[in-house]
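Now for the letters of each chain:
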Amino acid sequence: MSPAVLPAAFFARPATEVAPDLLGKVLVRLDDGVRRAARIVETEAYHGPDDQASHARRGPTPRAAIMFGPAGVAYVYLIYGRSHCLNVVTGAPGEPSAVLLRAAEPIEGCLHSTRGPGNLCRALGVTRRRHDGLVLGGAELLVLDGPVPDMIVATPRIGVESAGPRWARRRWRFLDAGSGWVSGARGR
DNA sequence: GCCACGATAGTG
DNA sequence: ACTATCGTGGCG
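Starting afresh in each chain, residues are numbered from 1 along the sequence in its written order. Going through the entries in the order they are written, you letter the chains from A and number the ligands from 1. Restriction of local features to residues with pLDDT of at least 70 applies here, the model being predicted, together with a cutoff of 80 or more for giving and counting side-chain atom pairs; totals for whole chains, interfaces and linings are based on all residues. Where side-chain values are given, they derive from all heavy atoms of the structure, hydrogens and water being excluded.

Here we look at the environment of His 47
And then number 1: As for its position among the elements, His 47 is in strand β2 (residues 34-47).
And then number 2: Between buried and exposed lies partly exposed: a residue is buried under 20% and exposed over 50% of the maximum accessible area for its type, with that area taken using a 1.4 Å probe on protein chains only. The partly exposed category is assigned to His 47, whose relative accessible area is 28%.
And then number 3: Linking His 47 and Pro 14, residues 33 residues apart in sequence, is a C-alpha distance of 7.2 Å.
And then number 4: Residue contacts for His 47: discarding those within four places in its chain leaves Pro 14, Ala 15, Thr 16, Pro 96, Ser 97 and Trp 172. Secondary structure elements follow DSSP: runs of H or I no shorter than four residues count as helices, runs of E no shorter than two count as strands, and numbering proceeds from the N terminus. A contact between two residues is defined here by any heavy atoms of the two lying within 4.5 Å.

Some thoughts on the protein's contact with DNA strand B
And then number 1: Near DNA strand B, the surroundings consist of 21 residues, among which His 55, Tyr 77, Asn 87, Gly 118 and Asn 119 are the closest.
And then number 2: It suffices for a single heavy atom of a residue to lie within 4 Å of a molecule or strand for the residue to be listed as near it. Each atom of DNA strand B within 4 Å of the protein was assigned to sugar, phosphate or base; sugar and phosphate come to 45%.
And then number 3: We define a polar contact as two N or O atoms separated by no more than 3.5 Å, with the added condition that, inside protein, one atom must be a possible hydrogen donor and the other a possible acceptor, whereas residues neighbouring each other in sequence contribute only through side-chain atom pairs. At 3.3 Å from a phosphate oxygen of DNA strand B is found a side-chain nitrogen or oxygen belonging to Arg 102.
And then number 4: Measuring from a phosphate oxygen of DNA strand B, one finds a backbone N or O atom of Gly 118 at 2.6 Å.
And then number 5: Here the element with the most residues in the surface near DNA strand B is helix α3 (residues 117-124); it accounts for three residues.

This is the structure in structure tokens:
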């Protein structure tokens with residue numbers, strides 16, 4: 001029996017619940033018949049319009065509007081002019097939140113390292129042009145169910161210092177502590 | 001229009 | 001520690 005595709009209802013919960021629950025699940029990208037897959041080992045929650053680290057903090061701007069929509073949709077953006085980052089929209093419509101997929105263990109067809117959010121997108125061939133706004137569970141992108149990791153660790157999120165201590169301090173980064181594929185080679 | 005800056009990654 | 005590289009969004 002092959003693992004179930006996670007339904008939209010899985011994502012229609014607060015990002016802080018969905019983020020740890022995504023650890024151990026398998027991200028699949030179907031690239032013109034080529035299957036690329038990786039087991040998710042690191043995520044971050046971006047929770048609501050009050051979260052000053054979230055792209056949704058300024059309201060539904062053209063880029064962030066997708067986060068205000070229904071759960072289970074991909075939010076892909078370009079950062080530093082070079083790296084794409086893949087999120088899954090979570091929560092109820094109108095409440096902007098999302099989970100950033102930061103690292104995974106390669107399973108099949110990966111083109112590059114899957115450590116770090118930009119690298120993960122590159123490894124699976126995920127881009128803003130092609131995938132932003134796509135419903136997960138369709139012909140291009142989906143997440144398969146998988147066992148919960150033995151040990152989950154929560155830490156502060158990466159690269160959000162400018163949001164201020166109140167938001168940077170919150171432990172909304174979640175790791176499969178048993179995986180060697182989490183990002184931050186120098187323990188950051 | 002204009003421009004400062006970023007949920008990064010690779011090099012030194 | 002330093003910076004490449006370009007889309008986004010604040011501001012005028």
